[in-house]
Each structure stands twice: as C-alpha cells, then as structure tokens.
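Coordinate inspection notes
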Amino acid sequence: MLCAGMWPSFVALVGALLFWPTSSSQLGGGTWTTCLIVSDEVLCYGAFEFHMPGRFTSISVAGWGSQIEQAVCGIKDDESLACVSYKTPLNPPSGHYSTIPCARNFCCALRKPLLDIACFGYTAADVQFDVALPRGSFAQLAMGSAHGCALNATGHAFCFGFANSYAPNLFSATPRQSQFRLLAPGSAWTCGILLSGQLRC
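This text gives an overview of the structure that appears in the document. Since this is a predicted model, take the numbers as computed values, not measurements.

Cut-off values and rules
- Residues numbered from 1 in each chain as written.
- Predicted model: local features only at pLDDT ≥ 70, side-chain atom pairs only at ≥ 80, totals over all residues.
- Heavy atoms only, no water.
- Salt bridge = Lys/Arg side-chain N within 4 Å of Asp/Glu carboxyl O.
- Helix = DSSP H or I, 4+ residues; strand = E, 2+ residues; numbered from the N terminus.
- Buried < 20%, exposed > 50% of the residue type's maximum accessible area, 1.4 Å probe, protein only.
- Pairing = 2+ DSSP bridges.
- Axes fitted to C-alpha atoms, helices over the stretch in contact; angles between N-to-C directions.
- Phe/Tyr/Trp six-rings, centres within 6.5 Å; stacked < 30°, edge-to-face > 60°.

Comments concerning the pattern of salt bridges
- Counted under the stated rule, the structure contains three salt bridges.
- Residues Asp77 and Arg55 are paired through a salt bridge, measuring 3.6 Å at the closest nitrogen-oxygen approach. Here Arg55 lies in the loop between β4 (50-53) and β5 (56-63) and Asp77 lies in the loop between β6 (70-76) and β7 (81-85), a separation of 22 residues in the sequence.
- The exposure class assigned to Arg55 is partly exposed, which follows from its relative accessible area of 49%.

Given below as structure tokens:
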C-alpha cells in the first residue's frame, strides 16, 4: 500500500499504518479519514480514529472539507445500512440496499427491490437538493462532492444534487442522450465512459 497526503491527516495516517491490519476487503477514503473493512468491523484512521462493529460488504466515507464532520457508512451482510460519525449522527433509513456512495455531507443508496434512490444527511437540509432525485430503477449510482449521477438499465445518465457558482447548469433531471457504461462525478463536473469506450465529460 502506498499513501500520500498533507498535514495533519497524513501524519496521523502514517502512524496508523504501522499498526494497519494485514488483511482487509475494501478501502474507503474521505477528506480527513480513511476507513477499511476487516473481518468483523470497519476501522477508520487519519485526523480522527473510530470504528464501526459488524460485518460489511461495502463502505463509503462522508465528510466536510474541514475536520468538523466525518462519518463512514456501509452495507452490512443483511443488506441494511449502518453509519458511525465522529461528531454529528448520520442516521440511515431502514430497508435493504445494494450500494452506498457518499458525498461531502450526505449519502445515497440504491434501495431494493426497486433499485430506486434514497438519500440521507446530517440534517434534513443536506438532502434538499437544487435538482431533485430522479425517479425509477437504476443500475449504477456514483457521488461527487455535492452531486450524484445514476445510470439506468439502458445506460442513460440522470444527475441530481446541489448546483454551485462554478457549474450552475451542470444538472439535468432528464436523461442525457449519450449512453454510458460508467460515471465518475467530481466537484463541478461529471465524466463517464460511453458504451463505445470513449470518455465524455
């Protein structure tokens, strides 16, 4: 494993790596915290250190650009959601889920059996989006720092979340004409791989 970063989280993380578990199944990184799944818990290191007991299949880290809020959420073996926070509780909804990517201050998940999107944050205002959640069934879900995009079964992209001064026209509740196989939202942009293999942003 190779890690690089800036003070102070990097210094704390390097110290934690001296005692890093030898076997883990997934790694998730946030602004100030890095978490990993081990056999029966999730361990988080960096500027803050905390853990989440239980057996998980996937995790994602949510956090502000400052050190005020940090949280890790994951999908457990029974397909339920669980979160642990450094400061403010992040309370996930009940149900069964297949994926849970997190943004800066909220997380979204694909809810079974319909595979529709459910989002939750530190407060209700965290999910009062400028562009509302798309309705329907989705095959993929990915998050940037303040917005997310989902792909339906035909590869059409639907984006939602918060607009900003850098990209006020970034989002659209209608499907894009292009068909994608993979999406990667960023801060003020979203890039994806088309079905043809070309990159489009």
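Let us keep going from here.
A short note on the sheet that holds strand β8 (residues 97-99)
- Taken together, the three strands give an open sheet; going across it, the order is β8-β9-β10, and neighbouring strands pair in antiparallel fashion. Of all strands in the sheet, those with a lone pairing partner are β8 and β10 (116-121), marking the two edges. Pairs of neighbouring strands in the sheet enclose a mean axial angle of 45 degrees, with direction left out of account.

Focus: the packing of aromatic side chains
- Under the counting rule described, the total for this entry stands at five aromatic pairs.
- Where Phe106 meets Phe162, the ring centres are 6.1 Å apart and the plane angle is 65 degrees; that geometry is what we call edge-to-face. Of this pair, Phe106 sits in strand β9 (residues 106-111) while Phe162 sits in the loop between β13 (157-161) and β14 (180-185), placing them 56 residues apart in sequence.
- Owing to a relative accessible area of 18%, Phe162 belongs among the buried residues under this scheme.
- Both rings, one in Phe129 and one in Phe160, keep their centres 5.7 Å apart while their planes meet at 55 degrees; by these two values the pair is tilted. Of this pair, Phe129 sits in the loop between β10 and β11 (140-143) while Phe160 sits in strand β13, and the two are 31 residues apart along the sequence.

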